Amino acid sequence: MLEKSSFRHKLGLIAICLLVIAGSYYAMFQHYRSFRFAKTETDLIYRIESKLLDYRLKMRGPIKGSGQLGILAIDERSIAEFGRWPFSRRYYAQAFDNLKKLGVHWIGFDAIFSEPERTANEDFQPIFQSLQKDGRPANVQKNLRQYQAMQSHSPADQSFQKAIAAFNDITLGYLYFSNPREAELNRKDREAAFPQLKPMADASQIVADLPNGRSLHDYTELSRAYGLVSNTAELTAVGQHFAFFSNDNDSDAINRWVTLVANVDGQLMPSLALKTAAEYLNREIFVVFDEFGIETVALVSRENPEDVQDIPIDTRGAGRMLLNPLGPGGSFKHFSLADAYHNTFSDKDKKLLKGAVLLLGGTAAGTNDVRPNAFDPGIDGVENHAAAIDNIVSRNFLRRPVSIYKTELLIILGVGLVFAPLMIYAHALMSGIMVLLFVVGYYYLDKYLWFGRGVWTFIAVPCLEIIAMGFLTTIYKYMTEELERKKLKGAFQHYLSPEVINQMLEHPEEMQLGGVRQELTVLFSDVRGFTTISESLSPEKLCELMNDYFTPMTSLILRSGGVLDKYIGDAIMAFWGAPVALPNHADIAAQVALDMLRALDHVRQDFKRKQFPSIDIGIGLNTGPMSVGNMGSLERFTYTVMGDAVNLGSRLEGLTKDYGIPIIISEYTQKQLTPGRFITRDLDYIRVKGKLEPVHVYELVRPETFRSMQDLGKFIETFHIGRQAYKDKRWDDAMSAFHSCLLQKPEDTVSALYRDRCSAYRLNPPAADWDGVFTFMHK
């Protein structure tokens, strides 16, 4: 019987291993099949692998580029120099002239000038003066006609056009809409969907080789434009080179691919990266189609047709190049447009500019187009275009050749068959060690054999295959032990919280004294005036009152995934984020705090029916690093949190009495709240007892206490005006604002508090170095 049982046990393990191998092979094979029929960005394997690609790029770190690319930055200096964006176009003429003299080889525009410039006041000053001095009707009419002509075609536009024509080696950018609905929404009345397309298409110079009888519209994988935004007709007329800078990011908003060509109303048009690189290298663009899509994108030398540079593209036939980012923002040298205008470059910069390619784009706040890459979620989009050009110029590509598919399938089969016997016969610890060794080893094998040579291989499926094999075989082996675990859990669940029980069962080695440092959100709540309430009730009634209060509050905490740390008399302490990880623990805690106030409304009604005294509560929330784990003695311990962040949460709860509001949160919690989900009021900048560093505190506002959201918005705006005046020591202005707040909401004790503070400071001003911090001397 024992031998038969052992055989069945081994047979089950063999079946698990074979199923895992077959499932892994099938999943990868289906992924390969789908790439010609669906966008791979929606594929689970692709999403996982793309994240791993980002990780490998970060581990690789920034790399040096060709040194031939730079950013002509519309930066903060340019805004300060030329005025708010968009500033007058007359500044570009001098800038381009200086750059040409310095030997800049090419400029690409990651910007559009789709409308004529509204003429500045100085352009009209002579006309205005003549209108004031000369009252003759004929002259007035003549001047008005001049005024109208300059409105439609300003001197600034004319100088800008002349500058582009004079520089000549400029790629003018435009954008297209890949969504029909988006194109329709952005289309002006009676305007063509593709303005200025014909002159731009005539200048595109793409040689497209399509099979007989096929047109661009037959290729659904090819990026297609349903409308575009181009430069003005006058600007297009003087331009010689045009390219789109639109690019489709992945579903997670990361730019991993660069669209090289697109179908724009039946015309094959180049991207900014492809066009600029081709012109810089003095090459023509050739695009070859097969039955499925684009087979080849190549740059052919204009001097030697046999000199062909192939650009590796995706295997879907969409004509996209895998971006090899150089690093985070700042990987390319930024040259300020202000320096170009004044020609104030350093000697070192002047050497770098000679023979360089520059991309004109915004980097100042409000002018830039954020396009995250693997290194930087806030990188300017112009740097991604620069990286793509640099990849082509230096031939430093990332690629996924078709040949890698067969290799990946063979790896899945080979690894599975080798590791299956080991997983069947090894114990749990050894299985875990083997899984770890394989994952680490496979990572380094890929690093030096493939990824280090610019080949993107999919490593997730083989790793997940081994992980799943080890996990499932271990689960199968310990199935009987799991039954015992359930019995143990049933015995302890009446004494310990479910979270701590689960952690004890999963990691018994952690059930000892000590903790780990984690970022969590802690909540303290307290019943105001509890001493007075307790004196007015018998012990039995007081116990009933507290139970009726604690029950709904505790239920809210536990249902949200929080841990009820303890009851401290009439106070509640809870936290979120451990032992179960909650990425949005600050949001959850804030929502629970508001729900506690709403639940208190129902508790008060019940208390009124029972003739209990009405109660109010104060709540403090703080987010930060805390030590979480088992604290106590060797004989008895509890799962709790400790640390300065916990103490601050307790202090904030105590301060609700001083400000007369129900909820106070710290700046650390406020920063982690999802924007737009909650309404907060900038309460104060304080220093609590026991801490030297000041902290911003906010009120978490309960919206239904106001008649409408408009009233709430007006109230908070007025209060913030008062707070700013208070910080600026403008006591009268501050008192006026806080008085307005009290007219809107007479019961607002915070506005009354600030009014009194201002009144006191007006009589006895604070020190000259006062930093706006209010120090509390009590807990």
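In what follows, the structure referred to is the one given above.
Thresholds, definitions, all that
- Residues numbered from 1 in each chain as written.
- Predicted model: local features only at pLDDT ≥ 70, side-chain atom pairs only at ≥ 80, totals over all residues.
- Heavy atoms only, no water.
- Helix = DSSP H or I, 4+ residues; strand = E, 2+ residues; numbered from the N terminus.
- Contact = heavy atoms within 4.5 Å.
- Areas by Shrake-Rupley, 256 points an atom, 1.4 Å probe, with all protein chains shown as cover.
- Expected span 1.5 Å × (residues − 1).
- Buried < 20%, exposed > 50% of the residue type's maximum accessible area, 1.4 Å probe, protein only.
- Arc of directions from axis to C-beta.
- Pairing = 2+ DSSP bridges.
- Bend = angle between axes of the 7 residues up to and from the residue.
- Phe/Tyr/Trp six-rings, centres within 6.5 Å; stacked < 30°, edge-to-face > 60°.
- Lys NZ or Arg CZ within 6 Å of the ring centre and 35° of its normal.
- Axes fitted to C-alpha atoms, helices over the stretch in contact; angles between N-to-C directions.
- Parallel < 35°, antiparallel > 145°, perpendicular 65-115°, else oblique.
- Left-handed = near helix turned anticlockwise from the far one by under 90°.
- Nonpolar A, V, L, I, M, F, W, Y, C, P; charged D, E, K, R; others polar.
- Salt bridge = Lys/Arg side-chain N within 4 Å of Asp/Glu carboxyl O.

1. Details of the overall build of the chain
Part 1: From N to C terminus, the chain includes 27 helices and 25 strands.
Part 2: In the chain, the proportion of contacts linking residues at least 24 apart, taken out of those at least 6 apart, comes to 74%.
Part 3: Within the structure as shown, the chain displays about 38600 Å² of accessible surface, and the carbon and sulfur contribution to it stands at 55%.

2. Topic: helix α7 (residues 155–167)
Part 1: With 13 residues, α7 extends 18 Å from end C-alpha to end C-alpha; this agrees with the ideal 18 Å at 1.5 Å per step.
Part 2: Taken residue by residue, α7 has Ala156, Asp157, Phe160, Gln161, Ala163, Ile164 and Phe167 as its buried positions. Projected onto a plane normal to the axis of α7, the buried residues spread over an arc of 160° and lie on a single side. Away from its buried face, by an angle of more than 90 degrees, α7 presents the exposed residues Lys162 and Ala166.
Part 3: Downstream of α7 by one or two residues, Asn168 has phi in the positive range, about 75°.

3. As for unusual backbone geometry
Part 1: Between Trp85 and Pro86 the backbone carries a cis peptide bond, its omega angle lying at -5°.
Part 2: Following the sequence through the fold, Pro86 ends up in the loop between α3 (76–82) and α4 (90–101).
Part 3: Phi at Lys729 takes a positive value of approximately 65°, unusual for a residue other than glycine.
Part 4: Summarising the element assignment, Lys729 is placed in the loop between α25 (709–727) and α26 (731–744).
Part 5: Owing to a relative accessible area of 31%, Lys729 belongs among the partly exposed residues under this scheme.

4. A look at the sheet that holds strand β5 (residues 224–225)
Part 1: Spatial strand order, β5-β9-β10: three strands in an open sheet with mixed pairing. Among the strands making up the open sheet, the edge pair consists of β5 and β10 (267–270).
Part 2: Looking at chain direction, strand β9 (residues 261–264) and β10 are connected through four bridges and run antiparallel. Looking at β10, one finds that Asn263 is bridged to Leu268.

5. Looking at the side chain of Glu279
Part 1: For Glu279, the position within the fold is in helix α11 (residues 272–280).
Part 2: Of the residues examined, Glu279 reaches a relative accessible area of 8% and is grouped as buried.
Part 3: Setting aside residues up to four positions removed in sequence, Glu279 forms contacts with His105, Trp106, Gln205, His241 and Arg302.

6. Concerning helix α15 (residues 403–425)
Part 1: Along its 23 residues, α15 runs 35 Å from first to last C-alpha, staying within 8% of the 33 Å computed at 1.5 Å per residue.
Part 2: By the largest-angle criterion, Phe419 marks the main kink of α15, which is about 30°, and a proline, Pro421, follows within four residues.
Part 3: Looking only at α15, the buried set comprises Ile404, Tyr405, Glu408, Leu409, Ile411, Ile412, Val415, Gly416, Phe419, Ala420, Met423 and Ile424.

7. Remarks on the packing of aromatic side chains
Part 1: Inspection of every chain in the model, using the stated rule, returns 44 aromatic pairs.
Part 2: Judged by centre distance (6.1 Å) and plane angle (65°), the ring pair of Tyr46 and Trp456 falls under edge-to-face. Residue Tyr46 is found in helix α2 (residues 44–60), and its partner Trp456 is found in the loop between α16 (428–449) and α17 (460–477); the two are separated by 410 residues along the sequence. Across the pair, exposure class does not vary: Tyr46 and Trp456 are buried alike.
Part 3: With a centroid separation of 5.4 Å and an interplanar angle of 45°, the aromatic rings of Tyr549 and Phe550 are classed as tilted. By the burial criterion, Tyr549 is buried, and Phe550 matches it.
Part 4: If you follow Arg400 out to its NZ or CZ, it ends over the ring of Phe458, 3.6 Å from the centre.
Part 5: Across from the ring centre of Tyr754, 4.9 Å away, lies the NZ or CZ of Arg757, which sits over that ring.

8. Description of the packing of α4 against α7
Part 1: Remark: α4 packs on α7, axes separated minimally by 7 Å, with the N-to-C direction vectors making an angle of 20°. Taken together, the axes of α4 and α7 are roughly parallel relative to one another. Seen from above, α4 lies across α7 with left-handed handedness. Across the interface between the two elements, Arg90, Tyr92, Ala93, Phe96, Leu99 and Lys100 of α4 pack against Ala156, Ser159, Phe160, Ala163, Ile164, Ala166 and Phe167 of α7.
Part 2: Tallied by class, the residues present in the contact of α4 with α7 amount to 10 nonpolar, one polar and two charged.

9. Notes on the sheet that holds strand β13 (residues 308–311)
Within a sheet, each strand pairs with its neighbour through backbone hydrogen bonds, oriented either parallel or antiparallel.
Part 1: Strand order across the open sheet formed by four strands is β4-β11-β12-β13, with mixed pairing between neighbours. Because the sheet does not close on itself, it has two edges, and the strands there are β4 (206–209) and β13. On average, adjacent strands in this sheet sit at an angle of 25° to one another, irrespective of strand direction.
Part 2: The sheet contact formed by strand β12 (residues 294–301) and β13 spans four bridges and is antiparallel.

10. Digging into the pattern of salt bridges
Part 1: Within this structure, the stated rule accounts for 44 salt bridges.
Part 2: For Asp202, the salt bridge identified is with Lys198, shortest N-O distance 3.1 Å. Of this pair, Asp202 and Lys198 both sit in helix α9 (residues 197–202), four residues apart, roughly one helical turn.
Part 3: With a closest N to O distance of 2.9 Å, Glu284 and Arg302 form a salt bridge. Of this pair, Glu284 sits in strand β11 (residues 283–289) while Arg302 sits in the loop between β12 and β13, and the two are 18 residues apart along the sequence.
Part 4: Overall, the relative accessible area of 24% leaves Glu284 in the partly exposed class.
Part 5: The class for Arg302 is partly exposed, based on a relative accessible area of 31%.

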